Every structure is written in structure tokens, then in C-alpha cells.
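Breakdown of the fold
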Amino acid sequence: MHITRTQLIYFSPTRTTKKILEAIAAGLQSETLETVDLTPPQAKTATPGRLQDELVVFGAPVYSGRIPPQAAERIRRFQGNNTPAVVVVVYGNRAYEDALLELRDIAAAAGFIPVAGGAFIGEHSYADAETPIAVGRPDPSDLEKARQFGEKIGKRLSEVPTLSAIGSLQVPGAYPYRERPRREPASPVTLQELCTQCGTCAAVCPEAAVTVSQTVETDPAACIVCFACVKSCPTGARRMEDPGVRERAKRLSETCRARKEPEIFVVEPAGPPA
């Protein structure tokens, strides 16, 4: 198989997943590259185009060992038509647990044929000066490994004549997937003395939970604690002060210091019939 067209489809509030997928695409070197950003709120209702005769790379962050429900919902709207797919998750140096398996299963249920999977590390959304967690990642080493992953995928697909000539993709994880933790509503706050009301926080929120008028208001019930607004604020006016979130950030910064490396999985050619 020779892949000439690649489509990147990602949910990436803090843009780390986007960076990884772009590096994978660089290694694939497809003649045509298209991107679909599932992060904005309007992606909930956008009509996906028909996917066929191409390679699709799905990417999503890991929240507590799972794919965010918002990402899963938006990815499920695509129909694969036996299109080969790569599934990629990005986690904050703790663990990705069942997330990669879950994304593989979502893609397969939608009619895609998973041919490769990867778990990469990105700066944790909770990371800041007081609680550094995987700061600066993906770094150049991560991005080079992602590029090499893309090369490996392209080479493997070129070795088989059709998708029927490959086996099933095996990735870590367990089913039933781990239960999502129950959390009380929480959201970042705005330091009015630093805020210029530029609207960046509202523009990057995946759930349209932020509104800007005379002041900046956030709906804690709608907030998914992705920290997109915090990471994107040009003046540092957005802060997370919720005690529960701050405690989790402190704990993670203490227990997740050891550097973890990306893990990749590429489907093997199918063996001869028994």
C-alpha cells in the first residue's frame, strides 16, 4: 500500500497533541496533508466529510487514564469505510492506562482499521512554576521519535499489498475501561488586574464555558479543566485556584518526576492461513 493522503484529526486544547500529530505527519511524507481540529465547540455539530482512500491519524489527550468524553463524542461522528487509522494519545508523564485501547476501540467501531498506535508525553495541563510536570514536552527528542514513528508506519504499509494482509493492532489497556473519577465542578479564575479582556480564553475553550463582557466569567459546570485558557492567556490572568485541583497538581509534580518515553505499536503482517 502506498499512502498519498493523510488526514490529522485531533482534540487538543493545549496544542500538545497537535504537535505530536504534525511530527508524525512529517515522517509519513504524504503528498497531501489535511487537518481537522475537533477542539472548538462548533466541532460538536460539524458534519464530517467522507473518509476513504487515505490514512487518518486520530489524536487526543489523556484525562485520568481515559479519552476525554468530549473527544470521544466528536471522533465517533466520523465513519471510516475501512480506512486505515493511527491512534495517538498524549499524557502528562503519569500513565495513559486504558486511553490508547479506548481510542483504538472507538476508531474500530467507527469503521476504521487501526494499523498503529502511540502514547506520547506532553506537558501536563496542571503544570506551572509551582507544580512542574513534564514541562516543555513534547521536546525535540519526543518530536523526533514521533517523526520516526511516522516513517515506520509508512514503511510497514508499503510492505503489504492490502489492509487484509495485516493483523489486528494490539495495545496496552483493559476492558472494561477504568472508571472516570467523580469531581466537583471547578474552573480557572481571572485576575482582573492582569486581564485585558482580549477574549483569548473564550476563543480557546472547547466547551464555550468562558464569556467575556465587563468581566470574564466561567461556568464551572461546563469547564472540563483542560487549562487551555490558562496556557493561552497572554498576560497570565487566568489561574486555577481550586483547592482540589491544586492538591492534585502538587501530588503529581512530586510523584511523576521520572521522565517517561513514548511507546509505539505498529501492526504486524498477518500470518499465513492456518
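Let me sum up the structure you'll find in this document.

The next point concerns the pattern of salt bridges. Across all of its chains, the model carries 25 salt bridges by this definition. In this structure, Glu207 and Lys44 form a salt bridge, with 3.1 Å as the shortest nitrogen-oxygen distance. Taken together, the positions of Glu207 in the loop between helix H5 (200–204) and strand S7 (210–212) and Lys44 in the loop between strand S2 (32–37) and strand S3 (55–61) put the pair 163 residues apart, joining distant regions of the chain. Residue Lys44 is classed as partly exposed on the basis of its relative accessible area, which comes to 31%. Between Glu254 and Lys250 there is a salt bridge, with its nearest N and O atoms 2.8 Å apart. Residue Glu254 and its partner Lys250 are located together in helix H7 (residues 243–255), separated by four residues, close to a single helical turn. Looking at Lys250, the relative accessible area reads 42%, which means it is partly exposed.

Let us look at the packing of helix H1 (residues 16–28) against helix H4 (residues 140–158). Taken N-terminus to C-terminus, the directions of H1 and H4 make an angle of 45 degrees; their axes are 6 Å apart at the nearest point. Viewed along their axes, H1 and H4 adopt a mutual orientation that is oblique. Where H1 crosses over H4, the handedness of that crossing is right-handed. Each of Lys19, Ile20, Ala23, Ile24, Ala26, Gly27 and Leu28 in H1 lies in contact with H4, whose residues at this interface are Leu143, Ala146, Arg147, Phe149, Gly150, Glu151, Ile153 and Gly154. Of the residues assigned to the contact of H1 with H4, the class counts are nine nonpolar, three polar and three charged.

This paragraph deals with the sheet that holds strand S4 (residues 84–91). Spatially, the six strands line up as an open sheet ordered S2-S1-S3-S4-S5-S10, and their pairing is mixed. If you trace the sheet from one side to the other, it starts and ends with S2 and strand S10 (263–266), each paired once. Strand after strand, the sheet turns through a mean of 15 degrees between neighbouring axes, direction not considered. Bridging between S3 and S4 involves six bridges; their strand directions are parallel. Following the sheet pairing, Val56 is matched in S4 by Ala85.

Here we come to empty space enclosed by the protein. If you walk through the whole model with that rule in mind, you get two cavities of 30 Å³ or more. In this structure, the largest cavity occupies an estimated 100 Å³ of space. Along its surface, the largest cavity is lined by 15 residues, and Cys195, Gln197, Cys198, Cys201 and Cys233 are the ones closest to its centre. Among the residues forming the lining of the largest cavity, the class breakdown is eight nonpolar, six polar and one charged.

On to the nonpolar core. In terms of nonpolar packing, the biggest core is built from 35 residues, with Phe58, Ile67, Val89, Tyr96, Leu100, Leu103 and Phe112 touching the most fellow members. When residues of this core are traced back to their parent elements, those giving at least two are S3, helix H2 (69–75), S4, helix H3 (99–109) and strand S5 (113–121). Sorting elements by how many residues they give to this core places H3 first, with six residues. If we ignore the near neighbours within four places in the chain, the residues touching Val89 are Ala60, Val62, Ile67, Tyr96, Ala99, Leu100, Leu103, Gly118, Ala119 and Phe120. Listed in part, the 26 residues of the second largest apolar core include Tyr10, Ala23, Ile24 and Val115.

Criteria and thresholds
- Residues numbered from 1 in each chain as written.
- Predicted model: local features only at pLDDT ≥ 70, side-chain atom pairs only at ≥ 80, totals over all residues.
- Heavy atoms only, no water.
- Salt bridge = Lys/Arg side-chain N within 4 Å of Asp/Glu carboxyl O.
- Helix = DSSP H or I, 4+ residues; strand = E, 2+ residues; numbered from the N terminus.
- Buried < 20%, exposed > 50% of the residue type's maximum accessible area, 1.4 Å probe, protein only.
- Axes fitted to C-alpha atoms, helices over the stretch in contact; angles between N-to-C directions.
- Parallel < 35°, antiparallel > 145°, perpendicular 65-115°, else oblique.
- Left-handed = near helix turned anticlockwise from the far one by under 90°.
- Contact = heavy atoms within 4.5 Å.
- Nonpolar A, V, L, I, M, F, W, Y, C, P; charged D, E, K, R; others polar.
- Pairing = 2+ DSSP bridges.
- 1 Å grid on protein atoms, 1.4 Å probe; cavity = no way out; pocket = protein on both sides within 12 Å on 5 of 7 lines; lining within 4 Å.
- Points joined across faces, edges and corners; volume = space filled by probe spheres on them.
- Core = buried A, V, L, I, M, F, W, Y, C linked by side-chain atoms within 4.5 Å.

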